[in-house]
Amino acid sequence: EEGEPCNRCLNCERINQGNSMDILEIDAASNRGIDEIRDLREKIKLSPVEGRYKVYIIDEVHMLTPEAFNALLKTLEEPPAHVIFILATTEPHKIPLTILSRCQRFDFHRISTELIVKHLKEILAHHNLEAQEGALYLIAKIASGGMRDALSLLDQCLVSGSESITTELVSSIAGIVSEEYLFDLAQSILEADDIKCLTMLQTALTEGKEVKQLLADLLSYFRNLMLLQLGKGSEELVVVPQSVLAKLKAQSKDFSREDLLKAIKILA
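Along each chain, numbering runs from 1 in the same order as the chain's sequence is written. Given that the model is predicted, a residue must reach a pLDDT of at least 70 before its local features are reported, and side-chain atom pairs must reach 80 or more before they are shown or counted; all residues, however, enter totals for whole chains, interfaces and linings. Computation of side-chain values: all heavy atoms of the structure, hydrogens and water removed.

This next bit is on the sheet that holds strand E3 (residues 83-87). Taken in spatial order, the three strands of this open sheet run E1-E2-E3, and their pairing is parallel. The open sheet has two edge strands with one neighbour each: strand E1 (23-27) and E3. Here the strands of the sheet are splayed against their neighbours by 20° on average, with no regard to which way each runs. The pairing of strand E2 (residues 54-59) with E3 spans five bridges and is classified as parallel. Of the residues in E3, the one forming a bridge with Tyr 56 is Phe 85. Being paired, for any two strands, means DSSP has found at least two bridges between them. Secondary structure elements follow DSSP: runs of H or I no shorter than four residues count as helices, runs of E no shorter than two count as strands, and numbering proceeds from the N terminus. For helices, the fitted axis covers only the stretch in contact; all axes are lines through C-alpha atoms, and the angles between them, taken along N-to-C directions, range from 0 to 180 degrees.

In structure tokens, the structure reads:
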């Protein structure tokens, strides 16, 4: 209906249930040779069973061998009227230009933090569950634009047995430090409190936090402080809950631009 599935007809129901005989998914990583493509070329001659089209989804298509690509090219040049190919890849630059020129290209981008948080809130509201806003922002931050990763982490939090999802719970499950920890560590660095810095690092390591992730988080934190020093409009570049943003803005005024640049350079 107007380009969107109705999700009510027989075709939609079978596709959603994953048992449509007209949609076939092929993993190119494990079926990457010329023999598999030749076999595919023979099968596409068969008419659809239920719908108007037979749809072949070739996942990670960049993994096909050059010979397999050449065999696929012949099919793409003159495909049967009842066949649609969907070539999915995370590395489009590895696909031959001869293949790309015969396809419509659709680029999927990372989902914004705000949209991930909004979707997580909708899921929790539907199930009458509670979570701190800061915890949802942290999940979205860890997911780095991937909704599937965000939902996976949310599931881990829900089965942990806790009554509500907190930033501490998310940090513990993900093996990262909290925004509060980063704020205190940055403050200790600002005050040149060597003992407190080392004690905080020791605590993080004892709790099993990943050193590489801790450095990346601290690097991101100092970057946010520097962005907030830019003035009007900079808040839109820093994706954190409003309660955290106020503390960051206050702390950013205490650092000099030179110190922040130096910290970022060292951490990088």
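Having put the structure on the table, let's press on.
For this text, the term disulfide refers to a pair of cysteine sulfurs within 2.5 Å. Throughout the structure, instances matching the rule amount to zero disulfides. Not engaged in a disulfide, the cysteine Cys 9 finds its nearest cysteine sulfur in Cys 12; these two sulfurs lie 3.7 Å apart. Residue class for Cys 9 comes out partly exposed when judged on its relative accessible area of 34%. Buried means the residue's accessible area, taken with a 1.4 Å probe over protein chains only, is under 20% of the maximum for its type, while exposed means over 50%, and partly exposed covers the values in between.

Quick look at unusual backbone geometry now. The residue Glu 2 is not glycine, and still its phi comes out positive at about 55°. Note that Glu 2 resides in the segment before helix H1 (10-17). Within the chain, Ser 144 stands out as a residue other than glycine whose phi angle is a positive 50°. Relative to the helices and strands, Ser 144 resides in the loop between helix H6 (133-143) and helix H7 (147-158).

What follows deals with the packing of helix H9 (residues 179-190) against helix H10 (residues 194-206). Contact geometry of H9 with H10 gives a least axis separation of 9 Å together with a crossing angle of 150°. The orientation of H9 with respect to H10, classified from their angle, is roughly antiparallel. Crossing geometry of H9 relative to H10 is assigned as left-handed. Residues Tyr 181, Asp 184, Leu 185, Ser 188 and Ile 189 of H9 touch H10, and the partners they reach there are Lys 196, Cys 197, Met 200, Leu 201 and Ala 204. For classification purposes, angles smaller than 35 degrees are called roughly parallel, those larger than 145 roughly antiparallel, those between 65 and 115 roughly perpendicular, and all remaining angles oblique. With the far helix as reference, a near helix turned anticlockwise by less than a right angle produces a left-handed crossing, and one turned clockwise produces a right-handed crossing. We call two residues contacting when some pair of their heavy atoms lies within 4.5 Å.

Here the idea is simple: oppositely charged side chains can pair when their charged atoms come close. Salt bridge, as applied in this entry: a Lys or Arg side-chain nitrogen positioned within 4 Å of an Asp or Glu carboxyl oxygen. In total, this model carries 13 salt bridges according to the counting rule given. Salt-bridge contacts for Glu 235 lead to Lys 249; the nearest nitrogen and oxygen are separated by 2.6 Å. One end of the pair, Glu 235, is in the loop between helix H11 (211-228) and helix H12 (242-252); the other, Lys 249, is in helix H12, with 14 residues separating them in the sequence. The exposure class assigned to Glu 235 is partly exposed, which follows from its relative accessible area of 35%.

In this section: the packing of helix H2 (residues 34-43) against helix H3 (residues 66-77). Running from N to C, H2 and H3 point in directions that differ by 15°, and their axes come no closer than 8 Å. Overall, the two elements H2 and H3 adopt an arrangement that is roughly parallel. Of the two possible hands of crossing, H2 and H3 adopt the one that is right-handed. Between H2 and H3, the residues in contact are Ile 34, Ile 37 and Arg 41 and Glu 67, Ala 68, Ala 71, Leu 72, Lys 74 and Thr 75, respectively. Asp, Glu, Lys and Arg are counted as charged, while Ala, Val, Leu, Ile, Met, Phe, Trp, Tyr, Cys and Pro are counted as nonpolar; the rest, among them Gly, fall into the polar class. Split by residue class, the contact of H2 with H3 holds five nonpolar, one polar and three charged.

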